[in-house]
There are 2 protein chains.
Amino acid sequence: MTIRDDTDPLAAYADEFATDGAVHLNGNSLGPPRHSLGDELDRVVSGQWAPRQVQGWFQDGWLDLPRTIGDRLAPLLGAGPGQVMVAGETTSTTLFNALVAACRLRGDRPVLLIEAESFPTDLYIADSVARLLDRQLVVESHGEFDSYLCEHGGQVAVAVTAPVDFRTGERRAIRPITTLCHDVGALSVWDLSHAAGVLPVDLDANAVDLAVGCGYKYLGGGPGAPAFLYLPARLQATVDFPLTGWHAHARPFDMSPVFEPAAGIECARTGTPPLLSLVGLHHALAPLVEVGIDALHRRSVALGEFFLDCLAQRRSPLLERLASPRDPARRGGHLALRIPEADKVERVLAEHRVLVDARPPDLIRFAFAPLYVTHEQVSRAVDVLCHATEGVL
Amino acid sequence: MTIRDDTDPLAAYADEFATDGAVHLNGNSLGPPRHSLGDELDRVVSGQWAPRQVQGWFQDGWLDLPRTIGDRLAPLLGAGPGQVMVAGETTSTTLFNALVAACRLRGDRPVLLIEAESFPTDLYIADSVARLLDRQLVVESHGEFDSYLCEHGGQVAVAVTAPVDFRTGERRAIRPITTLCHDVGALSVWDLSHAAGVLPVDLDANAVDLAVGCGYKYLGGGPGAPAFLYLPARLQATVDFPLTGWHAHARPFDMSPVFEPAAGIECARTGTPPLLSLVGLHHALAPLVEVGIDALHRRSVALGEFFLDCLAQRRSPLLERLASPRDPARRGGHLALRIPEADKVERVLAEHRVLVDARPPDLIRFAFAPLYVTHEQVSRAVDVLCHATEGVL
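The structure presented is a predicted model; accordingly, all values stated were derived computationally and were not measured.

Asker: Got a minute to help me understand the overall build of chain A in this structure?
Answerer: For chain A, the helix and strand inventory stands at 12 helices and 12 strands. Over its C-alpha trace chain A gives a radius of gyration of 22 Å, about what one expects of a compact globule, namely 21 Å for 393 residues. The burial tally for chain A puts 66% of its 393 residues in the buried class. Taking the contacts inside chain A whose residues are at least 6 apart along the sequence as the reference set, 71% of them involve residues at least 24 apart.

And the structure:
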């Protein structure tokens, strides 16, 4: 089998990342740092903060960084400028802000609908928002979600789902659900955590209402990197967020006692944002934006297909354990195999420096981040996987 | 006048900070970095994240860091262990979480009371919380706050105030208000942003209910460093926070679809916290904790008194412009002078590398952070101030 790295110009990006010799197949959980991150942090700490102190907020662009990062990220999401904000909060809290605001835009509708397969924190936050706003939380499985919307859509204020199932990697097309939501007068809110940076989501073209996502998965912003929020221009004048921190004020430095939301995407800001973590995310986005989301997706698909080809050649029974769609057009950036004693297999893989992500009892996920995984590494990972599963399969 | 640095062992700490030759009198806004921060960030990025990737959450203590930082900070606040959490959100959002939870603990009372002199973001957040929970926001000035509590206390769910006025530095004693709150059955919530790290607040001894504060002022955690939240053990079993992110779950890695709050202070967590900014705060706290809050406060008072002594000797009319209490026992870590064209004077001071913080039109604040300001610097700052105000006074 030809190992294709030699002919793929994107393979050269792998040298930029500090993977420390590991095969890094858990970029759906946490990507590695770029080698240059240390210098970038030093540039900010020693070159901006130390000499200019608090004036860095104005002279070094810190104050604008939440929007600067949002605008850098926007093309990866298919969003025009001025519609993405990285306020500096965690993903859970950002979703909270989005869901309260979305429900308020449909004040007369009782139901907050969420897909049962959502990442658990989305379920927790949706439940909290429903309780706060006295709405009814309805949790429907993937298979029943659309039919609930068809049958009870007139009751639904907001429908929350994700374009990639965090367990199986199965894709959910954004446009049909969003269109269905709009047909029944509901708003669609998307959690893009497992899609951003690896899968085109075309937020503007799909007329998505609100969306949030992690900064630390395929976007590579570092452990717990702040989340992003997408709010299209058409909703910015009417949205009403609950996290009314002073950075969301129209004139924050007037120190007015009365809150007046900023115009545009600035209304999605909150308090004073955590600079060091913002810098990490901003720095991580540069190579992704340089490559572009379509090329990123193509390479991720190629790596995933190569993984399956290797499996087919070397241990075809493993292929039967695929818990993800076989068609790459129906997957996000990762795929999953059902393997008994997943925890144990994950540990054996880790001992051989192949990093994957097990979901006990029997799911192992393999993520194909486009810029730091190579075909040679994938081939090596399959060898190790064949070895690691000898005892359990 | 004797310049006392020679005899004060705390003066040696100034060498640890990257003040870049400036006299840093705006530590009430943003403290300078320690020289060692770059190495600390490199230790985490290159020594933990790169080699151990996502396993850093478990093997390098990242997962516990929100509580580890809280426990490191606790003695500076007069709090026992297990009662302070740095969840990783901004101060505004942390206050939001605290106020919703506090109001819920007094579900039958209609009023959320806040002091008019609060930092504006506190007013915005209190207003947002009152609206969400259908409570009445009552804003009373410093002078009327206590009497409102005396007269209408039975209606008050939560009373929000701060131990230091962010403009004038005037102290507000914590115990009498907290006692008054408890006498009428209300909860007291304190914003410690302008006190933490410079003024003893004795949260446990004062029986404070909830408190929040910035990580980036006297605590020195860096631009936008995450906020802390204090929740005493006695309230941890009954509190009900709205930001129910998965890190606040009793067993986050079970991925249960139903939220069950963690026991203890872990219930104050939210989502996956921003590691780099947490590391900045954790690192900044070390010398403060080493010195202890009483010695920090003593030195801040000594520096402030020395500033006023220098003013009295060199330009006594400036002393008449003191907008803060003359008695240091009635001030926090900063004091303020009323000076016309405050913006302009601030700029002249900055040109001479004396960093202060103007609040237009006529307030200039001088903060005496204990570990990186020296008596020699204060003397120099007064010389520059005398020069800068020659034209306007």
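Asker: For this particular structure, what's the right way to read the relation of the copies chain A and chain B?
Answerer: In summary, the two copies of the chain are related to each other by a rotation about an axis coupled with a shift along it. Mapping chain A onto chain B calls for a rotation angle of 180° and an axial translation of 0.0 Å; the resulting RMSD is 0.0 Å. On the angle and the small slide along the axis, the relation comes out as a two-fold axis. Taken as a fraction of all interface residues of chain A, those also at the interface in chain B reach 100%, which identifies the copy contact as same-surface.

Asker: Please explain the environment of Thr 90 of chain A as it appears in this structure.
Answerer: Structurally, Thr 90 of chain A is set in the loop between strand E2 (84–85) and helix H4 (91–104). In this structure the C-alpha to C-alpha distance between Thr 90 of chain A and Leu 37 of chain A, which are 53 residues apart in sequence, comes to 21 Å. Setting aside its immediate chain neighbours within four residues, Thr 90 of chain A contacts Ala 227 of chain A together with Gly 88, Glu 89, Thr 270, Gly 271, Thr 272 and Pro 273 of chain B.

Asker: Would you mind going over the sheet that holds strand E12 (residues 363–367) of chain B with me for this structure?
Answerer: As a general point, the strands of a sheet are linked pairwise by backbone hydrogen bonds and lie either parallel or antiparallel. Residue and element names in this part refer to chain B. Spatially, the three strands line up as an open sheet ordered E9-E12-E11, and their pairing is antiparallel. The open sheet has two edge strands, strand E9 (334–338) and strand E11 (357–359), and neither has a second partner. Put simply, the sheet's adjacent strands are angled 25° from each other on average, direction ignored. In this fold helix H10 (residues 293–314) packs onto E9 and E12, with an angle of close to 25° to the strand it touches most, E9.

Asker: Just to check I follow, could you spell out the domain arrangement of chain A for this structure?
Answerer: How big an interface is tends to be stated in terms of accessible area lost as the parts join. Residue and element names in this part refer to chain A. Along its sequence, chain A is carved into domain 1 (5–34 + 292–389) and domain 2 (39–290). Relative placement of domain 1 and domain 2: their C-alpha centres are 28 Å apart. Contacts between the two partners involve 34 residues from domain 1, matched on the other side by 28 residues from domain 2. A buried area of about 2400 Å², summed over both sides, lies between domain 1 and domain 2, and 58% of it is on carbon and sulfur atoms. Summed over the three residues of domain 1 that lose the most area to domain 2, namely Arg 34, Ile 293 and His 334, the buried surface amounts to 23% of that side. The tally of links between domain 1 and domain 2 comes to one salt bridge. Arg 330 is paired through a salt bridge with Glu 170; the nearest N and O atoms lie 3.7 Å apart.

Cut-offs used in this document
- Residues numbered from 1 in each chain as written.
- Chains lettered and ligands numbered in written order.
- Predicted model: local features only at pLDDT ≥ 70, side-chain atom pairs only at ≥ 80, totals over all residues.
- Heavy atoms only, no water.
- Helix = DSSP H or I, 4+ residues; strand = E, 2+ residues; numbered from the N terminus.
- Rg over C-alpha atoms; globule rule 2.2 N^0.38 Å.
- Buried < 20%, exposed > 50% of the residue type's maximum accessible area, 1.4 Å probe, protein only.
- Contact = heavy atoms within 4.5 Å.
- Least-squares fit on C-alpha atoms with pLDDT ≥ 70 in both.
- Pairing = 2+ DSSP bridges.
- Axes fitted to C-alpha atoms, helices over the stretch in contact; angles between N-to-C directions.
- Domains from an automatic or database assignment.
- Buried area = accessible area lost by both parts, 1.4 Å probe.
- Salt bridge = Lys/Arg side-chain N within 4 Å of Asp/Glu carboxyl O.

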